[in-house]
Amino acid sequence: MLKFVAIMLDGLNYAAWLFLVAVGLTLIYGVMRILNIAHGAFYAIGAYACASALGIYYTLGLPGALAFVAMGVVALVVGVVLGLVMERGVLRFLYGKDEVLMVLVTYALFLILEDGVKLIWGVESYFVWQPYAHFGYLEIGGLPYQVYDLAMVVLAIVLGVGLWLWLVKSRMGRMTTAVVADREISAAMGINVTRIFATTFAIGTAFAVVGGVVTAPKIAVTPGIGVEVIILAFAVVVIGGLGSIPGAALGALMAGYARALCVHLAPEYELFAIYAVMAIVLAIRPHGLFARTSGRKI
Amino acid sequence: MMKTDFRKEPLYIAVLAGLLCLAFFLPSWMRFLLQTALAGGLVSLGVVVQMRAGLVNFGQGLYYCLGGYAVGMLAVKLGITETVILLPAAVIVAVIAGGTLGLLLSRYREIFYAMLSLAVSMILYGLLVKAASLGSTDGFNVPPLSLFGWTPDRAIHGDVNYIVTVVLVVLACIATARYLMSGAGMLCEAVAENEIRLQYLGASPRRVVFISIVVAAALSGLGGGLYAMSINHVDPLMTNWTTSGGFVFVALLAGRGSTIAPVLGFFLLELVRTVALDVAPNAWQLILGLVMLAVILLLPDGLWSLISRRAKS
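Residues numbered from 1 in each chain as written. Chains lettered and ligands numbered in written order. Predicted model: local features only at pLDDT ≥ 70, side-chain atom pairs only at ≥ 80, totals over all residues.

S.K.: I keep staring at the overall build of chain B and nothing clicks. Help me out?
M.R.: A tally of regular secondary structure across chain B gives 13 helices and 2 strands. Compactness check: chain B gives a C-alpha radius of gyration of 19 Å against a globular reference of 20 Å for 313 residues, within 12% of the reference. Seen through its C-alpha atoms, chain B measures out along the principal axes to roughly 55 × 40 × 40 Å. Going through the 313 residues of chain B one by one, you find that 51% of them count as buried. When contacts within chain B are restricted to residue pairs at least 6 apart in sequence, long-range pairs at least 24 apart make up 81% of them. (Helix = DSSP H or I, 4+ residues; strand = E, 2+ residues; numbered from the N terminus. Rg over C-alpha atoms; globule rule 2.2 N^0.38 Å. Buried ≥ 20, exposed ≤ 12 C-beta atoms within 10 Å, placed from the backbone. Contact = placed C-beta atoms within 7 Å.)

Now the structure itself:
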């Protein structure tokens, strides 16, 4: 019974984390057709920025509860600035190139940013456990569970629903949907595609940074954390169907529970549980669960 | 798409063979780098073979790793250290894997092909990292191999390995060029151009893709075997996505113009990597990334375009 509760909660918690790191990737791919490997580096930068900012915050002796506001500010500022710099500085010169070439461009950016992180923050580990311990434990079905982890699930749901509402309800969001459907026609109808691209990339980057910021208190922030993330996020996004936000949510749930099951029942298979799910899903539904259909061109 | 012409291929391969013979007189560290790079170059050539059908394999390291581990495991677990047995075994293992996966993968196109092949290679990575008997993330050492029952002295073992590598790489290039000029090879371009028209003409795109997957697997398995033979060590990083990313990078930049381009291109990548690591041990990835960006921005058609453009004008 205890094991069942643990699997349910761990799966949910892991799914929330996967969703946060994967949804930005799927948004950027859906709108811009860029499979962004640098996403993993954005996540790492978020984690480092959070660790540094909170380090300063706690040495100033400010109240513990407001640290969460600081985390939010860090995530937003770093995410938007980083996203705009990357998009305006590099990617905009390469629009219209082959999708695979763009993967390599972002791979090159990933390599550059990884070493950039090492040059700025050094190679030692950073620890900021205070926010993680702040809420303490909550007993669920006889199992004490970190409230911080549950709060992360809530955050993932709020941000996911928020992003979806923005896309469906707001003017900017609907224009973005139009650009997804047909870039040229929407440009002809007077939509500023350049601005949509820049905004989308900034939002997607901000999601990766948020993922890094909320994870930083749970882990030792060390070089190399970005590499693992990117490949997991890829798997999640591909399971759900590239470019689909509900798909990313479902993919995250499937991958999260696959991992939780493995961790508790067969720990030796943990490392490739997610890829196995991805391979099975792709074998049955080649384009992912929520893939857009496309016509046959003769 | 650029139309490819392989009539000059024998000439290019002869040039490659000549260069590799001259390289015999390079400083030994550089010749060793060239030797390991040739093994990797075969994997890049495998990526190019699939790229001609419009497919980019982001998990080609899978076959490279299988070839390397086949050599390593046969040598360590069964005590077989004969090159003449081990290298064909590496190719056979890779071909079996490619043939099995090819049945599934030949249904996929575009980014989904890339992602699914990536997933399979990462599953192997996960398995190997967990396999304590195979040294987990450290991998394991491979004993020095013999050639037709003859074990060369330490002093000349490097020379012998280099000669074996060069001969096999040149033969592999010739074989690949023959495949690319054959019917199945020519049809790859048609698959990339328009599959449905190809079907109307009575050819099976799946079969064409399947064959290219198997050819690429064979090349990569041989590459993995040669790598294990050269550095006497194998580890799971051979099938990690970062390794596969390097193969794809070289394949894209080398272009589809010639079989020798990816082989030489991989050497250039390794050279940049080595020099960067020497100049700036903490920032070599940064240098590599900047070089990659620069090449993509300045030479969008690949390095080979420098040669083919000159040939045209």
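S.K.: Hey, could you run me through the overall build of chain A in this one?
M.R.: Tallying secondary structure elements over chain A gives 12 helices and 2 strands in all. Scanning chain A from its N terminus toward the C terminus, one meets helices and strands in the order α-α-α-α-α-β-β-α-α-α-α-α-α-α. Against the globule reference of 19 Å for 298 residues, chain A gives a C-alpha radius of gyration of 19 Å, in line with a compact fold. The C-alpha extent of chain A, read off along each of the three principal axes, is 60 × 45 × 35 Å. Within chain A, the fraction of its 298 residues that count as buried is 48%. Excluding contacts between residues fewer than 6 apart, the proportion of contacts in chain A whose partners are at least 24 apart in sequence is 77%.

S.K.: Whenever I open this one, the pairing of strand E2 (residues 143–146) of chain A confuses me. Can you help?
M.R.: Remark: a regular strand shows side chains that alternate across the two faces of the sheet. Residue and element names in this part refer to chain A. Examined bridge by bridge, strand E1 (residues 137–140) and E2 share 4 bridges and lie antiparallel to one another. If you follow Leu138 over to E2, its bridge partner there is Tyr145. Where E1 hands over to E2, the hairpin turn is made up of 2 residues, of which Gly141 adopts a positive phi near 55°. (Pairing = 2+ DSSP bridges.)

S.K.: For this particular structure, what's the right way to read the confidence of the model for chain B?
M.R.: All names here are of chain B. Put simply, chain B has an average pLDDT of 83, and 93% of its residues get 70 or more. Confidence scores differ between elements of chain B, with helix H13 (residues 304–312) showing the lowest mean pLDDT of 61 and helix H9 (residues 205–231) the highest of 92. The ipTM value of the predicted complex is 0.79, and its pTM value is 0.84. (pLDDT = per-residue confidence, 0-100.)

S.K.: Would you mind showing me how to read helix H9 (residues 193–215) of chain A here?
M.R.: Helical geometry: 3.6 residues make up each α-helical turn, so side chains three or four residues apart lie on a common side. The terminal C-alpha atoms of H9(A) lie 33 Å apart, and with 23 residues this matches the ideal 33 Å at 1.5 Å per residue to within 8%. Within H9(A), 19 of the 23 residues are buried, leaving the element largely enclosed by the surrounding structure. (Expected span 1.5 Å × (residues − 1).)

S.K.: Is there a simple way to think about helix H1 (residues 2–32) of chain A in this case?
M.R.: All names here are of chain A. Its 31 residues give H1 an end-to-end C-alpha distance of 45 Å, which sits within 8% of 45 Å, the value for a rise of 1.5 Å per residue. Its axis deflected by about 35° at Ala22, H1 carries its strongest bend there. Arg33 occupies a position one or two residues after H1 and carries a positive phi of about 60°. (Bend = angle between axes of the 7 residues up to and from the residue.)

S.K.: Can you walk me through the packing of helix H2 (residues 39–59) of chain A against H9(A) in this structure?
M.R.: The description of two packed helices rests on the angle between their axes and on the distance between the axes. Residue and element names in this part refer to chain A. For the pair H2 and H9, interaxial distance at closest approach is 7 Å and the crossing angle is 45°. If you check the angle between H2 and H9, you find them oblique. Of the two possible hands of crossing, H2 and H9 adopt the one that is right-handed. Residues His39, Phe42, Tyr43, Ala44, Ile45, Gly46, Ala47 and Cys50 of H2 touch H9, and the partners they reach there are Thr205, Ala208, Val209, Val210, Gly211, Gly212, Val213 and Thr215. Here the residues of the contact of H2 with H9 sort into 10 nonpolar, 6 polar and no charged. (Axes fitted to C-alpha atoms, helices over the stretch in contact; angles between N-to-C directions. Parallel < 35°, antiparallel > 145°, perpendicular 65-115°, else oblique. Left-handed = near helix turned anticlockwise from the far one by under 90°. Nonpolar A, V, L, I, M, F, W, Y, C, P; charged D, E, K, R; others polar.)

S.K.: I keep staring at unusual backbone geometry and nothing clicks. Help me out?
M.R.: Across the chain, the bulk of peptide bonds are trans and the bulk of non-glycine residues have phi less than zero. Phi is positive for Arg33(A), which is not a glycine, with a value near 60°. Structurally, the position occupied by Arg33(A) is in the loop between H1 and H2. Take Arg33(A): there are 18 C-beta atoms within 10 Å of it, and that puts it in the partly exposed class. At Asn232(B), a residue that is not glycine, the phi angle is positive and equals roughly 55°. Summarising the element assignment, Asn232(B) is placed in the loop between H9 and strand E2 (233–234). Among the residues examined, Asn232(B) registers 16 C-beta atoms within 10 Å and is labelled partly exposed.

S.K.: I'm lost on the interface of chain A and chain B in this one. Help?
M.R.: The parts lose accessible area when they come together, and the size of an interface is often stated as this lost area. At the interface, 34 residues of chain A touch 33 residues of chain B. Elements supplying a minimum of two residues to the side of chain A that touches chain B: helix H4 (99–121), helix H10 (225–240) and helix H12 (270–284) of chain A. Per-element tally for the side of chain A that touches chain B: the top contributor is H4(A), with 15 residues. Taken together, the residues of the side of chain A that touches chain B break down into 26 nonpolar, 2 polar and 6 charged.

S.K.: Sorry if this is basic, but what is going on with the packing of helix H3 (residues 61–77) of chain B against helix H4 (residues 83–105) of chain B here?
M.R.: Residues and elements named next belong to chain B. The geometry of H3 relative to H4 is characterised by a closest axis approach of 8 Å and an angle of 135° between their N-to-C directions. Judged by the angle between their axes, H3 and H4 are oblique. Like other packed secondary-structure pairs, H3 and H4 cross with a definite hand, here right-handed. Taking contact as the criterion, the partners of Tyr63, Leu66, Gly67, Ala70, Val71, Leu74 and Ala75 in H3 are, on H4, Leu86, Ala89, Ala90, Val93, Ala94, Ala97 and Gly98.

S.K.: How do you make sense of the environment of Phe140(B) when you look at a structure like this?
M.R.: Residue and element names in this part refer to chain B. Note on placement: Phe140 falls in strand E1 (residues 140–141). According to the C-beta neighbour criterion, Phe140 is partly exposed, with 17 such atoms within 10 Å. Discounting residues that sit within four places of it in the chain, Phe140 has contacts with Gly72, Val76, Leu134, Gly135 and Val234.

S.K.: In this structure, what is going on with the confidence of the model for chain A? I would like to understand it.
M.R.: Detailed reading of the predicted coordinates is not advisable wherever pLDDT falls low. Averaged over every residue, the pLDDT of chain A is 85; the share at 70 or more is 97%. Mean pLDDT values over the elements of chain A span from 77, in helix H5 (residues 130–134) of chain A, up to 92, in H9(A).

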